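# Structure at a glance
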Amino acid sequence: MRYTEDPLFWRAGAIATTLFMSVVLAALTIDTLRQITPGGARVPSYDVINSSISYEYSPDRGEYVPAIGGEELLFGHRYTAGEAARLIAKGKLVIQSRACIDCHTFFGNGAYYAPDLTRAWLDPVWARYAGPKRADRMAKFLMDPFRLGARPMPNLNVQRDEAEAAVAYLKWMSAVDTNGFPDRFGAPGVQ
Amino acid sequence: MYRSQRLGLKYLGASVIMFGAMIAFGVLSSIYYIQPGFLVNIFNFNSAKIIHIDGLVIWLLMGFIGSVYWFVPQELEREVDGIGLAELLFWVFCAAVAIVVLVLIFVQYGGASQWSMWFINQGRKYVEAPRWAAIGIVVVAGVFAYNVIGTAVKAGKTTGILTVLIADLIPLLVLYLDAFPQLTNMSQDLFWWWWLVHLWVEATWEVLIGCIMAWTLIHMVGASRRVVESWLYVQVALVLGTGILGLGHHYFWIGTPRYWFAIGGVFSAFEPLPLLGMVVHAVYDAGSRHLQAANRPAFYWTLAEAFGNFLGAGVFGFMMTLPQINMYSHGTQWTASHGHFAFWGAYGCGVIAVLYLALEKSRGCDGIDGRAWKWSFALLNLGILGMAGALLVAGIDQAFFERAVGGSTWNAYLSMQGRPWFIESMWARFVFGLVFASGYAMLVYDLLAIGKSQRGAIPQPIATAGS
Amino acid sequence: MTPRAMVETALLLGAFVATAGVYGLLYCLWRLRNGRGLKIGSYLSYTASAVIAAIVVALTPLHAGWKVLIAASTVGYLVIPPFTWRYLTRLHRWERKSHDPGFAKHADRHLAHLFRRA
């Protein structure tokens, strides 16, 4: 009998393959978690909400990349690192409590019934408002959504403090380096 | 019949009911797309969708659990250890699912507080069930694992298939622990969330359904144990060999490093290869038996499993897996097209095959056939093909206009949703959803009736050995 | 990559795997029934799959590494049906032989142990 006809050969293959791939995955996981810790090159620290954020084309990388600029306060307040972390943690709780991910997508993950929110802070809909004005308009929208298109956003009883936290979350999230996703967001000439 | 097999039948019955709930909320979800403003502020889209996708997970899990409770006592020729506790927990599980669904329907969401996380809605896709219910699932799953492992220990023996199942159950259960954390950093949240979702549906669930299909082949057509075990090892090697690092195809756009493009893209591109092997195996088995089997519905649903898996997961997945395509297909109806087809092909068909096999044996028949199962087979598969096709058209339209041309802004999204092809695709998806639902109705009718009448079966006295 | 190229490439990739699947199916049916039409059909399906892969390599704007991957995949899709078929037939043939009492004396020790365990 050839060894390929022996089930134990294939059993050994299954065990070896699984173990090897699992070890590789574990090693990559350790590195990835280090790289996506807030404050690194890929994921900004939470107090980025005190700065202006834009999304610009990088010729070196051949894709759009978030750019962090000078001071642009959110709700007229300069948040310390601790305050920003607490505010954004609350924002995530708001997003989960209302199950936003079951209508919207975040980094393209979620449901497809409503727009992607990865760069919502930078959306041209809000482009006419700058800095604290934009944040305030977005918070008011969350508390009392007006109709933007054929598909209305429901009123989810978001309180003012919750709305501010959610907006802060969206601003922080817009500064995460997602390897160019979504492509050409808000680019000139693109509606 | 062993008590475990009676429990298996209960789980399989519950899975059919959850399958129906999933379909009902799926049809409801599809109406929101074709009726703007439908039930807004009364029962929003996200509430309907949550019950639809969580219902998917629960009906399949119940089907898997039921299948294992059905096969294990036959495998070890003894009653399952701890069966009394398992029987009690079945009712606890059903009650918990019912409570969670009722809360999701009538309460829907809470404030931004831990209370909401614990008792209403955790708001993470597929694992929205509140924490108390997630703890309940861990308990049920833990007892299930104890039942399986404990029985093997008490019996002092195991088999190849059972050993693979036990080895698979442990990571499957550990991965569910991602249903609990509430992480602030979305990159980190999604990183771990994909460990749960991908390493379930593209790794541990594949091995689990492989074990269930191995048992099905043994009991349905008398396949040689050595042959199915050998094949199972081959499949585990190939599926986990490609699927574990294929996880990386979810790590292109969530803030994780760029090396995932190469790793995720390469390994997920290889994922269809073992699925082609499954198609060959299915045709070999079917052909060597000249398409004859005593239990014809189980046989044909097993065939559908192999083909559906290759088409839904393999072909539809491959289309969108390379990063240069995925940049635009990501987070569109294209994803939903692949998801619907893949889940059906990889898992839905397999659970239905076991349903028919278990019914045949429990009704003491020596083979079953009929007309109704053919109608349900045709309607369910036609329904899923139609839905997947409609969502594919909508998804490609969306990837082109919203993402590639429009830059994925709100305006690009909203204007795209009003495009004629998109709207027509949503209508087509709704219509094929109704076709699918009618196939489900026929399935339920057939499951209730088959084997009970002279026309469909050759009833035999039920053997009482092994109780 | 232009939007149109993105859609065309995706559809080509889907067709590549789908035709490979048709080849696998027709190959198996040919081995079962020995029909000349099935043999020709399987060759044509694989040829179609390979041609589609060639189009992807030559004409789509995918990065070079992915084109190498597609080219390598054509080999995988070519060999999986015959290798799997040969493996299954040998496995079943060995299984039938092992039921012959005279054969058991020559069975591998591991396999005999496997039978006792099951």
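Conventions used here
Residues numbered from 1 in each chain as written. Chains lettered and ligands numbered in written order. Predicted model: local features only at pLDDT ≥ 70, side-chain atom pairs only at ≥ 80, totals over all residues. Helix = DSSP H or I, 4+ residues; strand = E, 2+ residues; numbered from the N terminus. Rg over C-alpha atoms; globule rule 2.2 N^0.38 Å. Buried ≥ 20, exposed ≤ 12 C-beta atoms within 10 Å, placed from the backbone. Contact = placed C-beta atoms within 7 Å. Nonpolar A, V, L, I, M, F, W, Y, C, P; charged D, E, K, R; others polar. Pairing = 2+ DSSP bridges. Axes fitted to C-alpha atoms, helices over the stretch in contact; angles between N-to-C directions. Parallel < 35°, antiparallel > 145°, perpendicular 65-115°, else oblique. Left-handed = near helix turned anticlockwise from the far one by under 90°. Core = buried A, V, L, I, M, F, W, Y, C linked by C-beta atoms within 7 Å. Expected span 1.5 Å × (residues − 1). Bend = angle between axes of the 7 residues up to and from the residue. pLDDT = per-residue confidence, 0-100.

### Brief notes about the overall build of chain A
When its secondary structure is counted, chain A shows four helices and four strands. Its C-alpha atoms give chain A a radius of gyration of 21 Å, clearly above 16 Å, the size a compact globule of 191 residues would have. Summarising its shape, the C-alpha atoms of chain A cover approximately 75 × 40 × 35 Å along the three principal directions. Counting over 191 residues, chain A shows a buried share of 48%. Taking the intrachain contacts of chain A between residues at least 6 apart in sequence as the baseline, contacts between residues at least 24 apart amount to 61%.

### Remarks on the overall build of chain C
Counting its regular elements, chain C contains five helices and zero strands. When the helices and strands of chain C are placed in sequence order, the string is α-α-α-α-α. Looking at chain C residue by residue over its 118 residues, the buried ones come to 34%. Restricting to contacts in chain C with at least 6 residues of sequence separation, those with at least 24 account for 58%.

### A closer look at the interface of chain B and chain C
Taken together, the contact between chain B and chain C spans 35 residues of the former and 35 residues of the latter. Listing elements by their share of the side of chain B that touches chain C, those giving two or more residues are α8 (225-246), α9 (259-270), α10 (272-288), α11 (296-321), α12 (323-329) and α14 (372-405) of chain B. In terms of residue count, the dominant contributor to the side of chain B that touches chain C is α10(B) (ten residues).

### Focus: the interface of chain B and chain A
In this complex, chain B contributes 68 residues to the contact, which on the side of chain A involves 70 residues. Listed by contribution, the elements that provide at least two residues to the side of chain B that touches chain A are α2 (45-76), α4 (114-119), α7 (186-221), α8, α13 (333-362) and α15 (410-417) of chain B. With eleven residues, α8(B) is the single largest residue contributor to the side of chain B that touches chain A. Its residues assigned to classes, the side of chain B that touches chain A comprises 29 nonpolar, 31 polar and eight charged.

### Notes on the pairing of strand β1 (residues 51-58) of chain A
Residues and elements named next belong to chain A. Bridging between β1 and strand β2 (residues 63-71) involves seven bridges; their strand directions are antiparallel. Each residue of the ladder has a partner; that of S54, found in β2, is A67. Connecting β1 to the antiparallel partner β2 that follows it, the hairpin turn spans four residues, and G62 within it adopts a positive phi of roughly 70 degrees.

### Details of the environment of Y356(B)
All names here are of chain B. Within the secondary structure, Y356 sits in helix α13. Remark: the alpha-carbon pair of Y356 and I368, spanning twelve residues in sequence, is separated by 8.5 Å. Once residues lying within four places of it in the same chain are set aside, the contact partners of Y356 are N295, P297, A298, W301 and I368.

### Section: the packing of α7(B) against α11(B)
All names here are of chain B. At a closest axis distance of 11 Å, the pairing of α7 and α11 adopts a crossing angle of 150 degrees. Between α7 and α11, the angle is such that the two are roughly antiparallel. In terms of crossing hand, the pair formed by α7 and α11 is left-handed. Residues M213, T216 and M220 of α7 touch α11, and the partners they reach there are A298, F299, T302 and E305. Considering only residue class, the contact of α7 with α11 consists of four nonpolar, two polar and one charged.

### Quick notes on the nonpolar core
Residues and elements named next belong to chain B. In this structure, C211 and V279 are the most contacted members of the largest nonpolar core, which totals 256 residues. Per element, the largest residue contribution to this core is 20 residues, and it comes from α7. Beyond its immediate chain neighbours, meaning those up to four positions away, C211 contacts I161, V164, L165 and L232.

### Things to note about unusual backbone geometry
All names here are of chain A. Following F181, the chain continues to P182 via a peptide bond in cis, the omega torsion being -5 degrees. Counting through the fold element by element, P182 comes out in the segment after α4 (160-173). Of note, the phi angle at A99 is positive, near 50 degrees, even though the residue is not glycine. With respect to the helices and strands, A99 occurs in the loop between α2 (81-97) and β3 (105-106). Here A99 falls in the buried class, since 28 other C-beta atoms lie within 10 Å of it.

### Comments concerning the environment of V79(C)
Residue and element names in this part refer to chain C. Considering the arrangement of structural elements, one finds V79 in helix α3 (residues 64-98). A count of 11 C-beta atoms within 10 Å places V79 in the exposed class. Taking the C-alpha atoms as reference points, V79 and G41, separated by 38 residues in sequence, lie 16 Å from one another.

### Overview of α7(B)
Residues and elements named next belong to chain B. Helix length check: α7 (36 residues) gives 49 Å between terminal C-alpha atoms against 52 Å at 1.5 Å per residue, within 8%. Largest kink in α7: about 55 degrees, centred on W200. Counting buried positions along α7 gives 30 out of 36 residues, so the element sits mostly inside the fold. Of the residues trailing α7, G222 is marked for its positive phi of about 65 degrees.

### Some points on the environment of C211(B)
Residue and element names in this part refer to chain B. Tracing the backbone through its elements, the reader meets C211 in helix α7. Of the residues examined, C211 has 28 C-beta atoms within 10 Å and is grouped as buried. On a C-alpha basis, the gap between C211 and Y233 in space is 9.9 Å, while along the polypeptide they are 22 residues apart.

### Notes on the confidence of the model for chain C
Residue and element names in this part refer to chain C. Overall, the prediction assigns chain C a mean pLDDT of 84, with 82% of residues at 70 or greater. Scored below 50 in pLDDT, residues 101-118 shows 16 contacts in the model against residues more than four places distant or in partner chains. What the predictor reports for the complex is a pTM of 0.93 with an ipTM of 0.96.

### A look at the packing of helix α3 (residues 83-106) of chain B against helix α5 (residues 131-155) of chain B
All names here are of chain B. Running from N to C, α3 and α5 cross one another at 155 degrees; their axes reach a closest spacing of 10 Å. Between α3 and α5, the crossing angle belongs to the class labelled roughly antiparallel. Here α3 runs over α5; the crossing is left-handed. Contacts between α3 and α5 pair I83, L85, A86, L89, V92, F93, A96 and V100 from the former with A133, G136, V140, V143, F144 and N147 from the latter.

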